[in-house]
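These are the residues of each chain, in order.
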Amino acid sequence: QANGERRRARDADMAFDRSLRKIVYTKHARCRMDCRRIDESEIIEMRDEGKVNYAKSELDSKRDPKFALEGITHDKQHVRVIFAQTLSSLVVVTCIDLDTDWACSCN
């Protein structure tokens, strides 16, 4: 039973909280969104419907756990959005179009 409790606690720590409604965008994320033609509605789609790619996530990040969510947007882009999950918001760190390598000069 102790193993089951530990597993549930670990799974809860690894859970992406889709109920967080406040989204904060880093300057880098805004630049990548512009370059890759990904808008806020697509970011929200990934928050609500994206599949967590744990291999690309950093759940033990020193600051906040980072979750990589992937999926197909309403305009048929295959994207990955990296969210840092804080206690009160989701911070969009970056976003990637997994099918197209867009020219981008973000620093």
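Heads up: the structure comes first, above all this text.
Attention here is on the structure that accompanies the text. (Residues numbered from 1 in each chain as written. Predicted model: local features only at pLDDT ≥ 70, side-chain atom pairs only at ≥ 80, totals over all residues. Heavy atoms only, no water.)

1. Observations concerning the pattern of salt bridges
Working step 1: Per the stated rule, a full pass over the model turns up four salt bridges.
Working step 2: Of the charged contacts, one joins Arg21 and Asp48 as a salt bridge, the two residues approaching to 3.8 Å between their closest N and O atoms. Taken as a pair, Arg21 in the loop between α1 (2-13) and β1 (23-25) and Asp48 in helix α3 (residues 40-49) lie far apart in primary sequence, 27 residues in all.
Working step 3: In this structure Asp48 comes out as partly exposed when scored by relative accessible area, which is 32%.
Working step 4: Of the charged contacts, one joins Arg47 and Asp48 as a salt bridge, the two residues approaching to 2.7 Å between their closest N and O atoms.
Working step 5: Take Arg47: its relative accessible area is 5%, and that puts it in the buried class.
Working step 6: Via salt bridges that share partners, Arg21, Arg47 and Asp48 belong to a single interconnected network. (Salt bridge = Lys/Arg side-chain N within 4 Å of Asp/Glu carboxyl O. Helix = DSSP H or I, 4+ residues; strand = E, 2+ residues; numbered from the N terminus. Buried < 20%, exposed > 50% of the residue type's maximum accessible area, 1.4 Å probe, protein only.)

2. Thoughts on the packing of aromatic side chains
Working step 1: The full count for this structure, using the stated rule, is two aromatic pairs.
Working step 2: On the numbers, 5.5 Å between centres and 45° between planes, the contact of Phe16 with Phe83 is tilted. One end of the pair, Phe16, is in the loop between α1 and β1; the other, Phe83, is in strand β4 (residues 78-85), and 67 residues separate them in sequence.
Working step 3: Accessibility expressed as a relative area gives 11% for Phe16, which makes it buried.
Working step 4: Every member of this aromatic cluster is reached through a ring pair, and the members are Phe16, Phe67 and Phe83.
Working step 5: One cation-aromatic arrangement involves Arg30 over Tyr25; the distance from NZ or CZ to the ring centre is 4.0 Å. (Phe/Tyr/Trp six-rings, centres within 6.5 Å; stacked < 30°, edge-to-face > 60°. Lys NZ or Arg CZ within 6 Å of the ring centre and 35° of its normal.)

By themselves, these are just geometric observations and shouldn't be taken as functional.
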